Each structure stands twice: as structure tokens, then as C-alpha cells.
Amino acid sequence: MDHALQSVGGFFTEQRLLDLVRVIVLLVVGFVLARTVPPVVARVVALRGTVNQAQLVRRLLGYTIVVVVVLSALTQLGVDVGVMVGAAGLLTVALGFAAQASTSNLISGVFLMGERAFEVGDQITIAGYTGEVLAIDLMSVKLRTGDNVFVRIPNEMMLKQPFSNLSRFPIRRIDVPLSITRLEDFDRARDILATFADTNPLCLAEPKPTVAFSSYDKTRLELQFSVWVARQNYADLKALLLDAVLDRFRAEGIKLPIGE
Amino acid sequence: MPWLEPFALDEGQTATVHVASFALQILRRAREWRVTTATTNDLAASEVVLKIPDPAPQPLAFTQDAHHARFAFDHASPLQLRPRLADRTVVVRPADPLFLMPGATVDIYVSTIIWVVLELASDNTQLIDRTAHRPSDTWFGPSTRVGELAYASRTSARLDPHELPHRPNRATTRIRLVNDSPAPRSLERVMLPAPELELWQLASGMLWTQGVELALGSDEEAPVRLDPGPPALADHGEAGAAPVRVSPPRLLARKSLLVRAISAIF
């Protein structure tokens, strides 16, 4: 027992204790720096660049500080970092084979960021999901859908599939397909649609709204009503448009092929 | 006229203001103002009615979109009304095509609807900023990707200011058009930078903005120049008291204003 205590005491020489304190101070200071410096730098980057660039700089800087601090703490404790780095190199090759999917996502992420087809805050549609971009990371893009669900889209998928950015341009067109069953209703239907576009302040006066006759068969005429709207009013106008048009059609006795 | 004249209401009193079809009612309670704004049924109304306080307040008869708001305070301070121009550029289209002969310098007079601001008389803290008839949105720019969201308005583009009807809910602007090109130029639409214009009140109560000048060169771009100071006597023709500035511009004039297009292409 005495012997064991003696060897523990022998291990904690004055020099070793000093090293340990130094390492603890280094770790504490390092982690404080890793938490405080990146946000400040990111804010400066955000002034000139995009939100996405700021996020990226913040993460990379954070990781770099942590790695440097941990490596110097290990050196302080007398661990040979050179050997570790060599081992890490081998490990990377081994992991690279094992983690092909992740690597592919990582590389896709770099391309995606370079392409800048969308930014944080944009509304995009991909693989049936429509939502606001929360983050563009090295591995995946995070979305928040309209019903407040968090969706993670792997970058590889973003790169391989077509996706739509709904926020890219300031105005959008709403296309509403409509069918009527009688040829003689066509003029009145066109007038109703034109009046709706003219009187609703959300419908842009220019580019002009259009009512086009798209096709017909034995039972019905297909029309397409297209109006332009400011991007931020798209959902509002779309919601009220069909409602208002159907109301007017009913009031005017225009027959729709419903329940036939 | 109702503009920039401070008024105070005692507890329980109501003020009713009509500026053409724009209606505003303010009810003063112990610790709040209840403000209702609406577009009245009488769309052809063209006069100003001020009942401050209103001896027999009636609920507003409105068509749609009555807007209610309550403002709580520690101690009531006097209020005032201020007219303002639109908060976006207004794209004005002449009702009939107007052609400008080569070398001609022509003044046209267009009017645009005003917004009514209710504010504290002491420090201009804004309570409401609304209009009776929100103009339709439109897009002004060379393509669907580049341009700006604007309001659409139609004008008879009168060439004689004396033909202008007196409407208290509209402000008149003189637009001087200079056709420098050797060919007649059609004027399909004119961009009126409403947020950058000052608003002035004449002795008769009519609202005028500072003048605007457009040089229609041979290309699509047309420099826009804003006249400094009040509307010229030669334009409004009202001798007597000098015009009073009732509203500063909403925005400071943009540098790019000088090279803005007057006719977008679609």
C-alpha cells in the first residue's frame, strides 16, 4: 500500500504538476477562444459576404482552433504529435474507403457552395420538399418546411438532382388551369378573370395577366389564367385567387365540369 | 385643410376625418387611442370633412378593409395629420398613347394618390400610414429578373394645369418631358419616384410635389431630374401665399435616379 502511494507520489513530481496546470490553462483558454473568436470573425465576413460564407468561416475557424489547441496540449504532455499525424494520415485513407458516401457529400458540398445557386434564407424545392434553407453545410443542406419540419438533404443529392430556388427572382407567375363546359361561357369567363386581375392590387399590372385557351375536347374547354405577383405575395394571392374566381363563376352561372 | 394642425382630444371624445373617400376615426379613452381607418362607400366623395371633436360620432360606413388599431400611452399628447406620397415608385401610364414630337419640351400634369399619416404633433412619432385606395402592384424594369416593385397608376396626362380637378386625396406633379431625339417618342409609361419627392401645400390647399424632368433621348434610358424647392408658380398658377412643405421625402434621392429607365420593355 505504502509502495503504491509512493509511486503515485513519485509520478506527480513538481514538474509534472506544472505541466498539467499548463495543459488545463491551455485547454480552457483554447476553448474560450474557439467559442468567442469565430462569431466575431463571422460577423465581419457577413458584412462583406453572404450569410453562408460567414457560417462556413465560423465553423472552419472553430474547428481549426480546437485542433491546434488539442495538438499543443498533447505536445505539452509529452506525446509525439508527429507519430499521431502519420497515423491519422493512414487512418484517413482507411476511413476514406469506408466512408465513400460522406466523402462524396463533402466534395458535393464544396461544389454546391462554389456554385451559389441558393443561399441561406432562400425557399427551395427538392425531392418533394419545399422549405427555407437554414444552413448549407459540408455534408448536407438543412431545410425548414412550411409545416415546420426539419429536413436534411445530403449534398450529393442536391448536386445530382434538379432543384428549384423559389426566392431567386423578385416576381413570380401563378398559372391556374380552369375548365369550362360550354363554348358560350368563354368570353364571360375571360372577362371575369381580367376583372379579377385588374381589381386585385396584388396582381401586377405588368407583366400583363393573360387568359389563354389551351385545349378542348368533346366535353370541355381548357383555359389557362396566368397572373404575375411579387414573390412575397405569392402564397397569399394563390390562396385567394381560385376562391374568388370560382365564386364569380358560380355567381355568373358559368358551368364547371365538377360532379359530371 | 387638415394637414399639420395639431389637435387634442379629451377622454371619451371622438374625431372623424374624411379626405375624399379616406375615412379616419379616433376615439380617445383614458389610456389609449382607438383608431379606425377605412375606405368609405362614397367613392366619388371629393371633399374634406373635419369633425374634431365629432359631436355625434357615427360608426364609419366602409366598403372593405376597415383597419383598427389601439395605441396605449402614459399621457395623451396632441395629434396631427400629414399627407405623404406613395411608399414605392409609381408607374404612370397615360390613358391614351401620347407622342412627343422631335425637339419638343412638354409639361404634363399627373396626380397620384396620397397616404395619410397620423402622428404625434410633438415628435412626429407615426401611428398610422395608410391610403384609401392602395394602387395595384406592378413591375418596373427591363426584365422579370431586374427591376423594382412599383405601383401602377393611370393618368390623363393633362397638358394644362387649369384642367386639373381639385381632389384633396391626390398630389399633382409636373413632369417636364424633353424629346432630344430626331424622331417622335411615344410615352408609354413614366416612372414617378414618389418616395424621393417632397410634398407641398398651396394656399388653396392643393397638394403639389416638386417638379420632375425627364429627358427622352434616343435610347431606353432617360435621366430623371428633380427640381429643388417648391413647385413653380408657373406650374400651379396660384399667386398669394408661398407653398408650405408638408412632407419630406420618404427616402433620400438615390444616386442611380439619374440614369433610370422610363420605359420598361416587355
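For the structure itself, look to the data block above.
Residues numbered from 1 in each chain as written. Chains lettered and ligands numbered in written order. Predicted model: local features only at pLDDT ≥ 70, side-chain atom pairs only at ≥ 80, totals over all residues. Heavy atoms only, no water.

Caption draft 1: Examining the sheet that holds strand β10 (residues 115-120) of chain B more closely. Residue and element names in this part refer to chain B. With respect to topology, three strands assemble into an open sheet ordered β6-β10-β11, the strand pairing being antiparallel. The outermost strands of the open sheet, each flanked by one partner alone, are β6 (79-84) and β11 (126-130). Recorded for the sheet is a direction-independent mean angle of 15 degrees between the axes of neighbouring strands. In terms of strand pairing, β6 meets β10 through six bridges, oriented antiparallel. Residue Gln-80 lies in a different strand from β10, and its bridge partner there is Glu-119. (Pairing = 2+ DSSP bridges. Helix = DSSP H or I, 4+ residues; strand = E, 2+ residues; numbered from the N terminus. Axes fitted to C-alpha atoms, helices over the stretch in contact; angles between N-to-C directions.)

Caption draft 2: Region of the structure containing the interface of chain A and chain B. With 16 residues of chain A in contact, the opposing surface of chain B contributes 13 residues. Summing both sides of the interface, chain A and chain B together bury roughly 1,200 Å²; the carbon and sulfur share of this comes to 62%. Inspection of the region where chain A meets chain B yields two salt bridges. With a shortest N-O distance of 2.6 Å, Glu206(A) and Arg93(B) are connected by a salt bridge. Here chain A is connected to chain B by eight residue pairs in polar contact (both at pLDDT 80 or more). (Contact = heavy atoms within 4.5 Å. Buried area = accessible area lost by both parts, 1.4 Å probe. Salt bridge = Lys/Arg side-chain N within 4 Å of Asp/Glu carboxyl O. Polar contact = N/O pair within 3.5 Å; in protein donor to acceptor, adjacent residues only side chain to side chain.)

Caption draft 3: Representation of the side chain of Thr172(B) within the structure. Topologically, Thr172(B) is positioned in strand β14 (residues 170-179). Sequence-distant contacts of Thr172(B), that is, excluding residues within four places in its chain, are made with Tyr109(B), Val110(B), Ser111(B), Leu164(B), Leu207(B), Trp208(B) and Thr209(B).

Caption draft 4: Quick look at the pattern of salt bridges. One pass over the structure, following the stated rule, counts 28 salt bridges over all chains. Of the charged contacts in the structure, one is a salt bridge between Arg189(B) and Glu206(A), with a shortest N-O distance of 2.6 Å. Taken as a pair, Arg189(B) in the loop between β15 (185-187) and β16 (190-192) and Glu206(A) in the loop between α7 (186-199) and β7 (210-216) lie in two separate chains rather than in one. Glu206(A) shares its class with Arg189(B); the two are buried. Between Asp227(B) and Arg174(B) there is a salt bridge whose closest N-O contact spans 2.9 Å. (Buried < 20%, exposed > 50% of the residue type's maximum accessible area, 1.4 Å probe, protein only.)

Caption draft 5: Fine view of the pairing of strand β3 (residues 32-39) of chain B. Residue and element names in this part refer to chain B. Along β3, seven of the eight residues are buried, which leaves the element largely enclosed by surrounding structure. Count of turn residues in the strand β2 (residues 22-28)/β3 antiparallel hairpin: three residues. As paired strands, β3 and strand β5 (residues 67-72) are joined by six bridges and run antiparallel to one another. Along β5, the bridge assignment pairs Val-35 with Ala-69.

Caption draft 6: Expanded view of the nonpolar core. Counting 51 residues, the largest nonpolar core has Ile26(B) and Leu118(B) as its most contacted members. Counting contributing residues per domain, this core is built from domain 1 (14-80) and domain 2 (84-264) of chain B, each supplying no fewer than three. Look past the residues within four positions of Leu118(B) in its chain and what remains in contact with it is Phe7(B), Ile26(B), Val35(B), Leu79(B), Gln80(B), Leu81(B), Thr125(B), Gln126(B), Leu127(B) and Ile128(B). Residues Ala197(A), Val227(A), Tyr234(A) and Phe249(A) belong to the second largest nonpolar core, which totals 24 residues. (Core = buried A, V, L, I, M, F, W, Y, C linked by side-chain atoms within 4.5 Å. Domains from an automatic or database assignment.)

Caption draft 7: Expanded view of the sheet that holds strand β8 (residues 221-230) of chain A. Residues and elements named next belong to chain A. Overall, antiparallel pairing links the three strands, which are arranged β6-β8-β7 in an open sheet. Pairing within the sheet leaves two strands with one partner each, and these edge strands are β6 (171-180) and β7. Strand-to-strand twist in this sheet, taken as the mean axis angle between neighbours without regard to direction, amounts to 25 degrees. Judged from the six bridges that link them, β7 and β8 form a sheet pairing that is antiparallel. Its bridge partner lying in β8, Ser-215 is registered against Glu-222. Contacts from α7 reach β6, β7 and β8 within the one sheet, and its direction differs from that of β8 by about 10 degrees. Sheet strands in contact with helix α8 (residues 234-251) are β6 and β8, and its direction is about 25 degrees off that of β6.

Caption draft 8: Summary view of the packing of helix α2 (residues 14-48) of chain A against helix α3 (residues 51-76) of chain A. Residue and element names in this part refer to chain A. Remark: α2 packs on α3, axes separated minimally by 8 Å, with the N-to-C direction vectors making an angle of 165 degrees. Viewed along their axes, α2 and α3 adopt a mutual orientation that is roughly antiparallel. α2 and α3 meet at a crossing whose hand is right-handed. Its residues assigned to classes, the contact of α2 with α3 shows 20 nonpolar, five polar and three charged. (Parallel < 35°, antiparallel > 145°, perpendicular 65-115°, else oblique. Left-handed = near helix turned anticlockwise from the far one by under 90°. Nonpolar A, V, L, I, M, F, W, Y, C, P; charged D, E, K, R; others polar.)

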